[in-house]
Amino acid sequence: MTASNEILSLRNLTVDFGGVRAVNDVSLSLQRGEMVALIGPNGAGKTTIFNLITSAVQPTAGEILLNGKSILRKSPDQICRLGISRTFQNIRLFPQMTAYENVELGLHSTPHYSLAEAFVRTPRARQIENDTRKKALELLEMVNLQEYAHARAASLPYGLQRRLEIARAMATSPQLLLLDEPAAGMNEDECNELIELIRKIHQQMQYTIIIIEHHMAVVMELCRDSRIYVLNLGSLLAVGSPQEIQNNPDVIRAYLGERKNARDFSAS
Ligand SMILES: Nc1ncnc2c1ncn2[C@@H]1O[C@H](COP(=O)(O)OP(=O)(O)OP(=O)(O)O)[C@@H](O)[C@H]1O
Ligand SMILES: [Mg+2]
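We now turn to the structure provided with this report. Note that the structure is predicted; figures quoted are calculated from it, not measured.

Overview of the pairing of strand β7 (residues 176-180)
Among the five residues of β7, five are classified as buried, and the element is accordingly described as predominantly covered. Every second residue of β7 is oriented toward a common face, with Leu176, Leu178 and Asp180 on one face and Leu177 and Leu179 on the other, all of them buried. The pairing of strand β6 (residues 84-86) with β7 spans three bridges and is parallel. Looking across to β7, one finds that isoleucine 84 is bridged to leucine 176.

Here's what the structure looks like:
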């Protein structure tokens, strides 16, 4: 692959929160269309990496390039328009709104007509509204939530809310999709459905995807043809194929410090 296929480059990123070094000299390079995972014990700095990429946190040192251009100090709006979208570890839906309305809001974050046009309902505005409705329903269908379109987000079981978050993140037509623990709280069957879903949207939408996940079976399956980055205490501990990572003594040691995840890790 040529260098021009590189979509994202994190270069020597460091983040200090007061006395805590949450991220320490981390570099990572992603080719367009890849799906990679970012794993590591609790507090390793994984979510902070997503916060850096989406400009919610600024690095103490280092650089972030999207398609070869720096995206440091961009506003969240600009980041969204540049084609980066994410889901959140702690679900951030509008609980009183319906599933459909949550996705529709994401679609309106990139409005294509003015308020005045919307007010007088010009044919163009009406056409865009129809397109928006169609697109929102398509996105719900893509994550298998079409039958819940008019259910309030808060009334959906946890696993379905996570899928709704993915649909909402897709609404901004990203080129880079960041999924922060999409399988959190899911049982084995739900995890298997999620694997199929993420694989499907990766193939159909041709997104580049980074997935943070503690469910090792999900990570190993989704990255079987790519690679996994392992963070520990803010630093990159290892990068490799699922098999390399599972057999890496440093990685096993890092996970053994944390009982629950060590169990997940060895079980996969
Ligand atoms: N805004 C913040 N202010 C201060 N400290 C923070 C902030 N965000 C994260 N941290 C700290 O940085 C470290 C890394 O946190 P981060 O949330 O990135 O970990 P993580 O790998 O996502 O963990 P988990 O698997 O539990 O989600 C932790 O020590 C955390 O307490
Ligand atoms: Mg996290």
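There's more to say after this.
What about the coordination of the magnesium ion (ligand 2)?
At 2.0 to 2.2 Å from the magnesium ion (ligand 2) lie its protein donor atoms, namely Thr47 (OG1) and Gln89 (OE1). You can see threonine 47 sitting in helix α1 (residues 46-53) and its partner glutamine 89 sitting in the loop between β6 and α3 (99-108), a full 42 residues away along the chain. With a relative accessible area of 26%, threonine 47 lands in the partly exposed category. A relative accessible area of 31% means that glutamine 89 is categorised as partly exposed.

Regarding the packing of aromatic side chains
All told, the structure shown has zero aromatic pairs when counted by the stated rule. Its guanidinium or amino end placed over the ring of phenylalanine 88, arginine 92 lies 4.0 Å from that ring's centre, counting from NZ or CZ.

Examining the nonpolar core
Ile39, Leu164 and Ile228 are the most contacted members of the largest nonpolar core, which has 49 residues in total. When sequence neighbours within four positions are dropped, the list of residues in contact with leucine 164 reads Leu93, Ala99, Asn102, Val103, Leu140, Leu145, Ala153 and Leu156. Core analysis: the second largest hydrophobic core is formed by 30 residues, Leu13, Val26, Ile64 and Tyr229 among them.

What to know about helix α5 (residues 123-142)
Compared with the 28 Å implied by 1.5 Å per residue over 20 residues, the 28 Å span of α5 between its first and last C-alpha is a close match. Buried within α5 we find Ala125, Ile128, Thr132, Ala136, Leu139, Leu140 and Met142. End-on view of α5: buried residues confined to an arc of 150°, all on one side of the axis. What points out from α5, more than 90 degrees from its buried face, is the exposed set Pro123 and Lys134.

Here's the deal with helix α6 (residues 158-170)
Here α6 is 13 residues long and its end C-alpha atoms lie 19 Å apart, about the 18 Å a rise of 1.5 Å per residue gives. Most of α6 is tucked away, with 12 of its 13 residues classed as buried. Residues Gly159, Leu160, Gln161, Arg162, Arg163, Leu164, Glu165, Ile166, Ala167, Arg168, Ala169 and Met170 constitute the buried set of α6. Elements that come into contact with the buried residues of α6 comprise β6, α3, α5, β7 and α7 (188-205).

Side note on unusual backbone geometry
One non-glycine residue with positive phi stands out, namely asparagine 12, at about 50°. Structurally, the position occupied by asparagine 12 is in strand β1 (residues 6-17). The class of asparagine 12 is partly exposed, set by a relative accessible area of 42%. You will see that asparagine 67, though not glycine, has its phi angle at about 50°, which is positive.

Overview of the pattern of salt bridges
Within this structure, the stated rule accounts for 11 salt bridges. When the shortest N-O distance is used, the salt bridge between glutamate 34 and arginine 227 registers 2.7 Å. Residue glutamate 34 is located in the loop between β2 (20-31) and β3 (35-39), and its partner arginine 227 is located in the loop between α8 (216-222) and β9 (228-232); the two are separated by 193 residues in the primary sequence. Residue classification places glutamate 34 among the buried residues on the basis of a relative accessible area of 16%. In this structure, the salt-bridge partner of aspartate 250 is arginine 253, at a minimum N-O distance of 3.2 Å.

As for the site of ligand 1
Residues in close proximity to ligand 1 include Phe17, Ala22, Asn42, Gly43, Ala44, Gly45, Lys46, Thr47, Thr48, Gln89, Glu181 and His214, which together make up its full environment. Protein burial of ligand 1: of its 640 Å² of free accessible surface, 61% is covered by the chains.

Conventions we followed
- Residues numbered from 1 in each chain as written.
- Chains lettered and ligands numbered in written order.
- Predicted model: local features only at pLDDT ≥ 70, side-chain atom pairs only at ≥ 80, totals over all residues.
- Heavy atoms only, no water.
- Buried < 20%, exposed > 50% of the residue type's maximum accessible area, 1.4 Å probe, protein only.
- Helix = DSSP H or I, 4+ residues; strand = E, 2+ residues; numbered from the N terminus.
- Pairing = 2+ DSSP bridges.
- Donors = N, O, S within 2.8 Å, 3.2 Å for Na, K, Ca; no water.
- Phe/Tyr/Trp six-rings, centres within 6.5 Å; stacked < 30°, edge-to-face > 60°.
- Lys NZ or Arg CZ within 6 Å of the ring centre and 35° of its normal.
- Core = buried A, V, L, I, M, F, W, Y, C linked by side-chain atoms within 4.5 Å.
- Contact = heavy atoms within 4.5 Å.
- Expected span 1.5 Å × (residues − 1).
- Arc of directions from axis to C-beta.
- Salt bridge = Lys/Arg side-chain N within 4 Å of Asp/Glu carboxyl O.
- Near = heavy atom within 4 Å.
- Areas by Shrake-Rupley, 256 points an atom, 1.4 Å probe, with all protein chains shown as cover.

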